[in-house]
Amino acid sequence: MTTLKSHTEERPKWNNKAEYLLTCIGFAVGLGNVWRFPYLCQIYGGGAFLIPYLIALVFQGLPLLYLELAIGQRLRMGSIGVWNSISPYLGGVGVASMVVSFCVSLFYNTIVAWVLWYLFNSFQEPLPWSQCPLNHNNTGYVEECVESTPVNYFWYRQTLNITPNMETSGSLQWWMVVSLATAWSIVYICFIRGIETIGKAVYVTATFPYLVLTIFLVRALTLPGSSEGLIYLFTPDWEILKNPQVWLDAATQIFFSLSVAFGGLISFSSYNSQKNNCERDAVLVGVINSATSIYASIPIFAILGFKAHTNYVTCLNGNILALTNEFDISDMNITVENYEQWFDSLNGTHPSRVSNLNLKTCDLQTFLDQSASGTGLAFIVFTEAVISMPGSQVWAVLFFIMLFSLGLSSMFGNLEGVLTPLHDLKLVPKWMPNELFTALICLVSFLVALIFTMGSGNYWLEIFNSYVGSVPLLIIAFFEIIAVAYIYGIGRFSDDLEFMTGHRPNIFWKVCWLVISPLMLIVVLVAYVAVQAQTHPTYPAWNPDYVNFPDTEVLPYPDWVFAICVLLSSVPVISIPLVAIYRLICCMSGRHSEDRLHNDPNPYANEGYVVES
Amino acid sequence: MHCCSHIILLFGQAICTVGDNCYRAVTFLKEGMLVWILFLLCQVGAPALAQDLCQRDAPNGYKVRISLKTALGEDAYEWNQSEMFFFQATMAFAMRRHFQMETYNVDNIILCVQTSRVSFWFVVTSPDNTTMLIPKADVEKAVRMSRHRINNAFLLSDRTLEFLGIYPTLAATVNPDTPPWLIVFGVVIGAVCAGIIALLVSSLLQKRRKEKGMTEDGQDEEDMQVKGVENGINLDGTYNRGFTDDDRFTKL
């Protein structure tokens, strides 16, 4: 038997268990935990949402997580190698994982670049999104800013410089290119020596967000209005559980939150020694991910409550000022507390004058209902809240460093899902050192991601987010679980698990892998596609010339864009049937070639000892 | 009351010049009554005159609105007649500063329609002719020129001491030559590039050292295989040399 050393160099391994766990946790805990989960919690009846969420975690999330970590650790290869080993016909699953990881890392790092841009701009007094800039001849403020808000203006105009629709591409925004270059450079420096440098970086990137969240929690709880935000968030509305949309969103949220089907987790666990209790790791990572989501929603909603309270008080103060000026009442006689009585008495005595003032109706509930998720939460709602907090620069810097850490640690997994399969496929020429190869991949990704730095970049990013980062992942996960449970065989898998962890998986895991998880995945996939197909694809465009500006104009996707959307959803997964058909043809034409036996480098595969007669 | 004393003095002078000794005793009583009547008229007439000039929505007047409690909170002082006098003095100063020739006085600033808000109207009369009002545009220029001083005199700001109709000039935003974000970016990218170069160089050096050591340590690797250690994992059982593809053993 040939020695392994002459064929492959020693596989890198983790310095210690903590680095491995922190990397997996960092990959799973990402931006979505902070800006997607609290939003879902809010719109789906607060505390009641936790029930479908936790059910989905236990029956869908944890089994998938355990499965990926186990096969990576057992077969000691990246996603392509693993699925090739399990069954050559399913090699396409690995290719699909790699393509999806590549596409996701493109737009995900652009979001990290946006966070960096905001971070760079947080070191100013006053914060640039707190006031409107003056126009050309210094006679007034820029009109677009006055009509919307300074925060919106800074995001749409000074950051994105967004075009009014998708057809207009605009040009490359140099400041965005610069931020993107910084983001990719930082990713590269963490990847230079593979998991050696990643393992060091995650000590900071995986733990820093928790520190910042705690600081924000303490600060937020001392702000006025925070309790209203928290009550609003956590008040359970049990009726909402009857809505199937809630269950669908809970399942999709768990699925996308755990970052399964990217291949990154398989790569990370392949650097482990085989005798490692991956069951405990999987449960730990899954539980910590969900706990982080819940923990993050507390300061987020405390601060949103504070923001709603501030807006409410500002609205009331505007009305109070109008009344005071109109009726020449002594300054500060009308306060927020006695506003109602004053209003009633004045309206009773001089109704016409009061109605001429066009007072706004100020309702705290309306302000609390103004929810946002995604980039809207981070770059518009939260930045507005930060302006009202004393010492806003500090809070802005902390917040954006936290987002940066979250995004960077997730990028590690995304890019690892691209690099490890390429290494395992031996596509890297021998003369090229790893550092150069990594640099090449980062450079190519940076150049392709320049699309997102154009004027219409945000619209394209939303498309990538909705079409690449959703349906293909569900399909890949479904094939993964079918491959392991039925093609590899649950018996063989249990043997492997016994070898690795020391005990066979209990009945809960087996039932989940065989029945519950595939079923849930199929239901979620079908429901998701059905819901997407029902709504005509439209996108919100920021158009200053729109009649109802500052509302966003809802435009339909042009046909050529819609074709691209379909391509983005289907091209990653097309490799699954393609590779299967290719292997079938190869197999049928070269029936007697024994390549399959000799190409399997796994020393524990028993086929090597089959005696050929 | 200034005009009243003027009138009385003039009349008194007129009376004295008419006659010296003859009319004195007789007209003394009449003088006193006349003066008294004139005095009364002055008291009534002067304000009435001023009232015509200063009124709500006066064409050449401005409304002033002061928000003391908003600006100063607990330290707010009480708005009383002394403060009104101070306002007149400040406005007179502003007018003097703008029109450097003419000497405005406190009496040239007429206030009216005072409310508890606190708000009031004021007009400015010319120092030469007290019935003539200074046009609105000139008053505006004077106020704009000394706005900062007027605000500071009352410990207020543009927002809490409002001249309705005179908009405060927008504060010019500070535009530094290098945008601050570029500085932060420069620091970050410099650190990252330095780190990349350092790591690449150290990797290169490590590889060179390894290559030098490889030719000497070829022996050690064989021993490691013999002891059954691969990839740092102890394999169970002993390694059977009979299955090695080694050139060291002679081919049978």
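Residues numbered from 1 in each chain as written. Chains lettered and ligands numbered in written order. Predicted model: local features only at pLDDT ≥ 70, side-chain atom pairs only at ≥ 80, totals over all residues. Heavy atoms only, no water.

(A) Representation of the sheet that holds strand S2 (residues 109–115) of chain B. Residues and elements named next belong to chain B. Reading across the sheet, the four strands line up as S2-S3-S1-S4 and stay open at both edges, with antiparallel pairing between neighbours. Strands with a single pairing partner mark the edges of an open sheet, and in this sheet they are S2 and strand S4 (161–164). If you compare each strand with its neighbour and ignore which way they point, the axes differ by 25° on average. Taken together, the five bridges between S2 and strand S3 (residues 119–124) define a ladder with antiparallel strand orientation. Across the sheet, the residue bridging to cysteine 112 is tryptophan 121, located in S3. Helix H4 (residues 81–98) contacts strand S1 (62–66), S2, S3 and S4 of the sheet and is inclined by roughly 140° relative to S2. (Pairing = 2+ DSSP bridges. Helix = DSSP H or I, 4+ residues; strand = E, 2+ residues; numbered from the N terminus. Axes fitted to C-alpha atoms, helices over the stretch in contact; angles between N-to-C directions. Contact = heavy atoms within 4.5 Å.)

(B) Quick peek at the confidence of the model for chain A. Residue and element names in this part refer to chain A. Residue-level pLDDT values for chain A average 88, and 95% of them are 70 or greater. Within chain A, the lowest mean pLDDT, 40, falls on helix H1 (residues 4–7), and the highest, 95, falls on helix H10 (residues 174–191). Within the model, pLDDT remains below 50 along residues 1–8, and this stretch shows 15 contacts once partners closer than five positions in the same chain are excluded. Below pLDDT 50 for its whole length, residues 594–600 participates in four contacts with residues either more than four positions away or in separate chains. (pLDDT = per-residue confidence, 0-100.)

(C) Expanded view of the state of the cysteines. Applying the stated rule across the entire model yields two disulfides over all chains. Residue pairing for cysteine 315 of chain A: its cysteine sulfur links by disulfide to cysteine 362 of chain A, the two sulfurs lying 1.8 Å apart. Disulfide cysteine 315 of chain A to cysteine 362 of chain A: torsion about the S-S bond roughly -80°, handedness left-handed. Placement of cysteine 315 of chain A in helix H16 (residues 278–327) and of cysteine 362 of chain A in the loop between helix H18 (351–356) and helix H19 (364–369) is noted, with a sequence separation of 47 residues between them. Looking at cysteine 315 of chain A, the relative accessible area reads 9%, which means it is buried. Take cysteine 362 of chain A: its relative accessible area is 19%, and that puts it in the buried class. Ordering the disulfide-forming cysteines of chain A by sequence position, one finds them joined as 1-2, 3-4. Sulfur of cysteine 190 of chain A: no disulfide; nearest cysteine sulfur belongs to cysteine 442 of chain A and is 10 Å away. Free cysteine cysteine 193 of chain B: the closest other cysteine sulfur is in cysteine 442 of chain A, separated by 13 Å. A relative accessible area of 38% places cysteine 193 of chain B in the partly exposed class. (Disulfide = S-S within 2.5 Å. Buried < 20%, exposed > 50% of the residue type's maximum accessible area, 1.4 Å probe, protein only.)

(D) Spotlight on the pairing of S1 of chain B. Residues and elements named next belong to chain B. Of all five residues that make up S1, five are buried, and the element is covered over most of its length. Where burial is concerned, the two faces of S1 agree: the one with Tyr62, Val64 and Ile66 and the one with Lys63 and Arg65 are both buried. Relative to S3, S1 runs antiparallel, the two being bridged by four bridges. Pairing of lysine 63 across the sheet is with tryptophan 121, part of S3.

(E) Examining the environment of aspartate 495 of chain A more closely. All names here are of chain A. Position of aspartate 495 relative to the elements: it lies in helix H24 (residues 471–501). Given the relative accessible area of 40%, aspartate 495 is considered partly exposed. With 238 residues separating them in the primary sequence, aspartate 495 and serine 257 have C-alpha atoms 29 Å apart.

(F) Examining the UniProt feature "binding site: Na(+)" (unreviewed entry) in chain A more closely. Residue and element names in this part refer to chain A. Feature annotation in UniProt assigns "binding site: Na(+)" (unreviewed entry) to the following positions: Gly26, Ala28, Val29, Asn33, Ser257, Asn289, Leu406 and Ser410. Sequence-wise these annotated residues cover 385 residues; spatially they are packed, their C-alpha atoms never more than 12.3 Å apart. In this fold, alanine 28 is placed in helix H2 (residues 17–28). The class of alanine 28 is buried, set by a relative accessible area of 4%. Discounting chain neighbours no more than four positions away, the residues touching alanine 28 are Asn33, Ser257, Leu258, Ser259, Val285 and Asn289. (UniProt positions renumbered as here; feature names shortened; annotations may be inferred.)

(G) Local environment of the UniProt feature "transmembrane region" (unreviewed entry) in chain B. Mapped onto the present numbering, the UniProt feature "transmembrane region" (unreviewed entry) falls on residues 180–205 of chain B. Measuring from the first to the last C-alpha atom of residues 180–205 of chain B gives 38 Å, for a span that is 100% helix and 0% strand.

(H) Region of the structure containing the side chain of threonine 453 of chain A. With respect to the secondary-structure elements, threonine 453 of chain A resides in the loop between helix H22 (434–448) and helix H23 (457–467). Sequence-distant contacts of threonine 453 of chain A, defined by excluding residues within four places in its chain, comprise Ser171, Leu172, Gln173, Met176, Val177 and Leu180 of chain A.

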